Amino acid sequence: MDGETTYMDTMMQWLVENGADFAVKLLAALLILLVGKIIIGIVISVLRKSLQKAGKFNDLQLAFLLNISSKALWIFVWVIVLAQLGIAVGPMIAGLGVAGFIFGFAFQDTLGNFAAGIMILLNDPFQPGHYVEVAGHAGVVKEVHLMATTLTTPDNKRITIPNGGIWGTSIVNYSAMDTRRVDMTVGISYSADIDKAQKIVRQVLDSNAQVLKDPAPTIEVVEMADSSVNLVVRPWVNTADYWAVFFATQKAVKQAFDAEDIEIPFPQVVVHKADA
């Protein structure tokens, strides 16, 4: 009881001596927080409109820049608030510096992924919805975060890849361009009429509305193989039509060759019987 009484007496004495001054500082700190919140809201709103008007940032980059700006402004406001309350900010910042060094050493892989995530957001090699090949995996980008990127594969698997593994390797974006070239190889027999085969393939491509007229498709002899003369078939399409044109052309060329008696040969092996 005596200890509690002494503690209460000390508190009461402190309130009598410093209560009014502390109340003023607390009200001032709350006012700074309120005004800071309003100002930060205005600054972020203006910054968002300016960045959107510039048209140089996608949604991910815009959200990242606004988030970083907001946090930086709030740190500045809280430094002012703590100083207003009479709390020494310098030693706290120094302590955070030491703690940050220890934290960074212990979590260097995590921080590496974070740094790579920032580089991905700033350089914009892909966006959600793009079909990409990264870190040995291929799929549609579903989510891009500061620590990792999530892909969905064509067979509906979900793959989460740390950003450090993505930024440190080659990134192939199949959706970045509006058009793509479809690369196919068609083999005909050595006895077949090459000009006729080329004409048939061109007719197949011309009949497909998804094949672009410009650039014109390429249909040329690419190889004299062991069992066939191989034609390279390279039409250009809108990126979204790539696989539809690929599958449709394969089927249509086979049917057209059958109808025109153009042989697509099987691999052949000639065996010579040794004399006894």
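The rules behind each value
Residues numbered from 1 in each chain as written. Predicted model: local features only at pLDDT ≥ 70, side-chain atom pairs only at ≥ 80, totals over all residues. Heavy atoms only, no water. Helix = DSSP H or I, 4+ residues; strand = E, 2+ residues; numbered from the N terminus. Contact = heavy atoms within 4.5 Å. Salt bridge = Lys/Arg side-chain N within 4 Å of Asp/Glu carboxyl O. 1 Å grid on protein atoms, 1.4 Å probe; cavity = no way out; pocket = protein on both sides within 12 Å on 5 of 7 lines; lining within 4 Å. Points joined across faces, edges and corners; volume = space filled by probe spheres on them. Nonpolar A, V, L, I, M, F, W, Y, C, P; charged D, E, K, R; others polar. Expected span 1.5 Å × (residues − 1). Buried < 20%, exposed > 50% of the residue type's maximum accessible area, 1.4 Å probe, protein only. Arc of directions from axis to C-beta. Pairing = 2+ DSSP bridges. Axes fitted to C-alpha atoms, helices over the stretch in contact; angles between N-to-C directions. Core = buried A, V, L, I, M, F, W, Y, C linked by side-chain atoms within 4.5 Å.

Turning our attention to the environment of Leu33. On the secondary structure map, Leu33 appears in helix H1 (residues 2-54). A sequence separation of 41 residues divides Leu33 from Trp74, and the C-alpha atoms of the two residues are 9.1 Å apart. Here Leu33 is in contact with Trp74, Val77, Trp78 and Val81, once residues within four sequence places are set aside.

To continue, consider the pattern of salt bridges. In this structure the tally under the stated criterion is 6 salt bridges. Linking Arg234 and Asp183 is a salt bridge whose minimum nitrogen-to-oxygen distance equals 3.9 Å. Pair noted here: Arg234 is in strand E9 (residues 229-234) and Asp183 is in the loop between strand E6 (179-181) and strand E7 (184-188), with a separation of 51 residues, a long-range link. Across the salt bridge formed by Lys196 and Glu260, the nearest N and O atoms sit 3.7 Å from each other. In this pair, Lys196 is assigned in helix H6 (residues 194-206) and Glu260 in the segment after helix H7 (242-259), connecting sequence segments 64 residues apart. Through salt bridges with shared partners, a single network forms among Arg181, Asp183 and Arg234.

Time to look at the layout of surface pockets. For the largest pocket, the calculated volume is near 220 Å³. In terms of lining residues, the largest pocket is bounded by Gly129, Tyr131, Val140, Pro154, Tyr174, Ser175, Arg180, Thr239, Ala240, Tyr242 and Trp243. Considered class by class, the residues forming the lining of the largest pocket number 7 nonpolar, 3 polar and 1 charged.

In this section: H7. Across its 18 residues, H7 extends 26 Å between first and last C-alpha, which sits within 8% of the 26 Å expected from 1.5 Å per residue. For H7, the complete set of buried residues consists of Tyr242, Val245, Phe246, Thr249, Val253, Ala256 and Phe257. On an axial view of H7, the arc spanned by its buried residues comes to 115 degrees, and they lie on one face. Every exposed residue of H7 that faces more than 90 degrees away from the buried side is listed here: Phe247, Lys251 and Ala259. Buried residues along H7 sit against E6, E7, H6 and strand E10 (236-238). In the segment just after H7, Asp261 is the residue with positive phi, at about 60 degrees.

Turning to the pairing of strand E4 (residues 158-162), a few remarks are in order. Residues Ile159 and Ile161 point to one face of E4 and are all buried, whereas Arg158, Thr160 and Pro162, pointing to the other face, are not buried. Sheet topology places strand E3 (residues 148-152) next to E4; 5 bridges connect them, and they run antiparallel. Bridging across to E4, Thr152 finds its partner in Arg158.

Let us now look at the sheet that holds E7. Spatially, the 3 strands line up as an open sheet ordered E7-E9-E8, and their pairing is antiparallel. Here the strands that pair on one side only, and so sit at the sheet edges, are E7 and strand E8 (218-224). In this sheet, adjacent strand axes meet at a mean angle of 30 degrees when their direction is disregarded. Here 5 bridges tie E7 to E9, and the two strands are oriented antiparallel to one another. Looking at the pairing, Val186 lines up with Leu231 of E9. Packed on one face of the sheet, H6 meets E7, E8 and E9 and runs near 140 degrees to E8.

The next point concerns the nonpolar core. Formed by 23 residues in total, the largest nonpolar core has its most connected members in Val182, Ile188, Val201, Phe257 and Ile262. Within the residue set of this core, elements represented by two or more residues are E7, H6, E9 and H7. Broken down by element, this core gets its largest block of residues, 6 residues, from H7. When sequence neighbours within four positions are dropped, the list of residues in contact with Ile262 reads Ile188, Ala192, Asp193, Lys196, Ala197, Ile200 and Phe257. Ranked by size, the runner-up nonpolar core spans 12 residues in total, among them Phe64, Leu121, Val134 and Val141.

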